[in-house]
Amino acid sequence: MCGIVGAIAQRPVVEILLEGLRRLEYRGYDSAGVAVLDANNTIQRTRALGRVAALEEKLQQQPARGMVGISHTRWATHGEPSERNAHPHLSSNHIAIVHNGIIENYEELREALISKGYHFESETDTEVVAHLIEETLKTESSLFDAVKAATKQLRGAYALGVISPDEPDTLIATRKGSPLIVGLGLGENFIGSDVQAMLPVTNRFIYLENGDFVKLSRHSVEIFDTEGKKLDRPIKESKACSLDSDLGEFRHYMMKEIHEQPQSVQNTLEGRLGRDTIKQCIEGENVLETLQQVKEVQIIACGTSYHAGLIARYWLESMTDISCSVEVASEYRYRRQPQRDGVLFVTISQSGETADTLAALEKAKSNKCLATLTICNVAESSLIRESDLSLMTVAGAEIGVASTKAFTTQLVCLQLLVGLLAQANGDSLGVVANIVTNLKKLPVLLESVLDKDAEIEILAEHFAEKNHALFLGRGDQYPVAMEGALKLKEISYIHAEAYPAGELKHGPLALVDNEMPIVAVAPNTTLIEKLKSNLEEVRSRGGELYLFADKKVGISQKDNIHVVEMEDVPETIAPIIYTIPLQLLSYYVAVLKGTDVDKPRNLAKSVTVE
Ligand code: F6R
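Residues numbered from 1 in each chain as written. Predicted model: local features only at pLDDT ≥ 70, side-chain atom pairs only at ≥ 80, totals over all residues. Heavy atoms only, no water.

Asks: Just checking my understanding: could you explain the site of the ligand for this structure?
Replies: The local shell around the ligand holds 14 residues, among which Ser305, Ser349, Ser351, Thr354 and Glu490 are the closest. One of the backbone nitrogen or oxygen atoms of Gln350 is found 2.7 Å away from an oxygen atom of the ligand. With respect to the ligand, the backbone of Ser403 contributes an N or O atom lying 2.9 Å from an oxygen atom. For the shell around the ligand, the secondary-structure elements that each account for two or more residues are α9 (303–319) and α16 (478–492). In terms of residues, the shell around the ligand owes the most to one element, α9, which gives three residues. For the shell around the ligand, a count of residues per class yields four nonpolar, eight polar and two charged. (Near = heavy atom within 4 Å. Polar contact = N/O pair within 3.5 Å; in protein donor to acceptor, adjacent residues only side chain to side chain. Helix = DSSP H or I, 4+ residues; strand = E, 2+ residues; numbered from the N terminus. Nonpolar A, V, L, I, M, F, W, Y, C, P; charged D, E, K, R; others polar.)

Asks: How do you make sense of the nonpolar core when you look at a structure like this?
Replies: Within soluble globular proteins, side chains that are nonpolar generally end up buried alongside one another. Grouped together as the largest cluster of nonpolar side chains are 93 residues, with contacts concentrated most on Val297, Phe471, Phe548 and Ile577. Mapped onto the domain boundaries, this core takes at least three residues apiece from domain 2 (276–447) and domain 3 (451–610). Discounting chain neighbours no more than four positions away, the residues touching Val297 are Leu316, Ile322, Ser323, Cys324, Ser325, Leu344, Val346 and Leu421. (Core = buried A, V, L, I, M, F, W, Y, C linked by side-chain atoms within 4.5 Å. Buried < 20%, exposed > 50% of the residue type's maximum accessible area, 1.4 Å probe, protein only. Domains from an automatic or database assignment. Contact = heavy atoms within 4.5 Å.)

Asks: What is the right way to read the packing of helix α1 (residues 14–24) against helix α2 (residues 52–61) from this model?
Replies: Packed helices, taken two at a time, are described by their axes: the angle between them and the distance between them. At their nearest, the axes of α1 and α2 sit 10 Å apart, and the two run at 165° to each other. Classified by the angle their axes make, α1 and α2 are roughly antiparallel. Classified by chirality, the crossing of α2 by α1 is left-handed. Along its contact with α1, which presents Val14, Leu18, Leu21 and Arg22, the element α2 presents Val52, Leu55, Glu56 and Leu59. Tallied by class, the residues present in the contact of α1 with α2 amount to six nonpolar, no polar and two charged. (Axes fitted to C-alpha atoms, helices over the stretch in contact; angles between N-to-C directions. Parallel < 35°, antiparallel > 145°, perpendicular 65-115°, else oblique. Left-handed = near helix turned anticlockwise from the far one by under 90°.)

These results come straight from atomic positions and should not be treated as a statement about function.
In structure tokens:
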């Protein structure tokens, strides 16, 4: 998703900006651009469709040099991906601006600006903001005041970086809804969408809050609220380390990250398990007292993280007396919900910056839930900062857009949370000891599933020419099937849907023929006999089945049944283990189809717009 990097320094900034953009590439984008104020105090802008490397090439042919500048990677929202729509946007070579977010009232603002004589070069909502600042500058005394006055007219979400030849020693920034961070250097200061962009130049950061306005010079950073009151925001030293961008023996980050799962699960468990108890591993205040008061858990997330939440509902309700509901953030945030007592509001997110999840958290806080807790992979993210409690996944940086190790470590954290809730409420069923025993087995069991790699690669050949696929599971394997279908869709572009296997006969069975591969996950759980009957319904209608089945359940290879035999695994951790073959299957299908596995079309890693 869009990424911003800005710098004001006593040295040329173009290389700093380009390196920052390269470090934001993992978020997903379709074009990139940079603007600097040169020695003649003129805005020099360079933009390119496609990768940062294309921008770099243009800059090599026509170098730009300046000590203050802004840059951007764009993920198209308004207007197609093109050089014309790429940021920075200008207003008559007098204002240059980069923007992350969506301006909802841009059409009415655009009409008003056109009637005042402004000419638009792009289809973006961002260009509206550039002209609006230009217009307000006619009555305001400084660029800072003009940005403040212009943003008063905006509806929607934004993080902005603005420069102008009028004030060559200033960089103005502001945020509402979209993240923006200030990086503090020596005689130089920076802005960036995340700390990764600025790690080569500093490890001291100020996390801007909604409504903050910042005036950066080389030697100072001043932050003000909407009323113009000066604010004192804390400076944080980041412990984040640079993304490990070494692919090692792997062709794609996704495959590297699939293979890292035994280690990332081990890291997430490190120091958190006692002999038969779970150590208190939730950060925040009054954790035990809070867990003892929980009557209900409400989980909110998006995409893959939402699937983790769905699995957790099965776990929580089967292992404790606490009820649980799970919903995607984009729906929850706009839905009225009656207030209930004792609700622990849990958000799950790899990035911690997902706009819908953040908005849902804000809503939950205004609804006065018992406490908010986030399960997240990025320690300094907005969700962590906004939540009362946090439980970290220790997956390490995930670069592939399709989430893999973040998902399995989220499941580990969710199981720890279920165990901690049981423990805090006088676990009478031996739930905690069972969780601990099984989690300890997990890293080794994950290693052994990865050994199925070659077998799954062969299976993938059956899918490469297909247009559709169905994924089936029952109980807590149904969300595993949903996650398998999502992985196949997003990286191989094959249409895939997941169903609870018992639901087939209520409609989807009509789709079954030999052109529709059907994938099912079949661990040896209490529902296995039910699942086997559902699979027979498919087979007798000519469906081609691809099963990941426990070797003890007695499903054998036949004409239209392909079976990958799985080890017998404990029921509580089966969803984590059965996720792996589905990740591998999607990966190999995508490789056969020749898609851009790590950066699938139209998708972004960090979804910072609604
Ligand atoms: C799919 C995927 C997405 C994310 C979703 C939420 O592979 O990665 O569905 O899970 O965009 O992102 P986070 O977890 O960062 O909130």
